[in-house]
Amino acid sequence: MNFLELVSGRCSVRAYEPRPVEKEKIEYILECARMAPSACNKQPWKLYVISGEKKKAFDKVYDKEWFAQAPVAIVVCADHDTSWKRPADGKDHADVDTSIIFDHLLLAAYEQGLSTCWICNFDVPLCRELLQLPDNMEPVSMTPLGYGLGATRPKSRKAKEEIIVSEQ
């Protein structure tokens, strides 16, 4: 599949089969994510892969039945001690960088026939506690990972004219 087919086909899935995800697929997805660019190549992230008994306890971080159905969860955390800060205004690019690695992860999962859902609205204090994160580490986003169930809805996107400004 070409890149446009890949990005057009990936969508958020909210129903999962209970079957496990093959270790080789997880390793491939993580390697694709690891190749993501970051500001000044700081790579200010950690990826936490949660499965098995730990996943059952972790399901309280995002208390939705469909999240608990997935056999794996992946959390992307930003390391604010190593992230690049823009000199002009001090903007911390940790959120930008973790979004890039997370997008690589989601697209690689879809390429492998797996489903995901980008989640940002979760219990951050509980997540921090369960992952035993130091103060410099911020959980930014997470996703269930597994084999999706059921039909997916087509994506709704704005027209090109609404989002592209060409000053030629």
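Scroll up a little and you will see the structure.
Just so it is clear, the model here is predicted, and its values are computed rather than measured.

Caption draft 1: Just the pattern of salt bridges, in detail. According to the stated counting rule, one finds 6 salt bridges in the structure shown. Residue E31 pairs with R34 through a salt bridge whose shortest N-O separation is 2.7 Å. Residue E31 and its partner R34 are located together in helix α2 (residues 23-34), separated by 3 residues, close to a single helical turn. We classify E31 as partly exposed; its relative accessible area is 37%. The partly exposed category is assigned to R34, whose relative accessible area is 46%. E53 is the partner of K56 in a salt bridge, and the nearest nitrogen-oxygen pair spans 3.3 Å. Within this pair, K56 and its partner E53 are both found in helix α3 (residues 52-58), separated by 3 residues, close to a single helical turn. Residue K56 shares its accessibility class with E53, and that shared class is exposed.

Caption draft 2: Spotlight on the environment of L133. Counting through the fold element by element, L133 comes out in the loop between α6 (124-131) and β3 (137-145). A sequence separation of 56 residues divides L133 from C77, and the C-alpha atoms of the two residues are 9.0 Å apart. Leave out the neighbours within four places in its chain, and L133 touches Y48, C77, R128 and P139.

Caption draft 3: Spotlight on the environment of L126. Mapping L126 onto the fold places it in helix α6. Filtering out sequence-adjacent residues up to four positions away, L126 remains in contact with K60 and V61.

Caption draft 4: Up close: the packing of aromatic side chains. Under the criterion given, the structure shown has 3 aromatic pairs. Summarising the aromatic geometry, the rings of Y62 and W66 are spaced 5.6 Å apart at their centres and angled 70° between planes, so their arrangement reads as edge-to-face. Assessed through its relative accessible area of 14%, W66 is described here as buried. Judged by centre distance (5.7 Å) and plane angle (80°), the ring pair of Y62 and F67 falls under edge-to-face. Three or more aromatic residues joined by ring pairs form one cluster here, namely Y62, W66 and F67. Its end group placed over the ring of F67, K55 keeps NZ or CZ at 4.6 Å from the ring centre.

Cut-offs used in this document
Residues numbered from 1 in each chain as written. Predicted model: local features only at pLDDT ≥ 70, side-chain atom pairs only at ≥ 80, totals over all residues. Heavy atoms only, no water. Salt bridge = Lys/Arg side-chain N within 4 Å of Asp/Glu carboxyl O. Helix = DSSP H or I, 4+ residues; strand = E, 2+ residues; numbered from the N terminus. Buried < 20%, exposed > 50% of the residue type's maximum accessible area, 1.4 Å probe, protein only. Contact = heavy atoms within 4.5 Å. Phe/Tyr/Trp six-rings, centres within 6.5 Å; stacked < 30°, edge-to-face > 60°. Lys NZ or Arg CZ within 6 Å of the ring centre and 35° of its normal.

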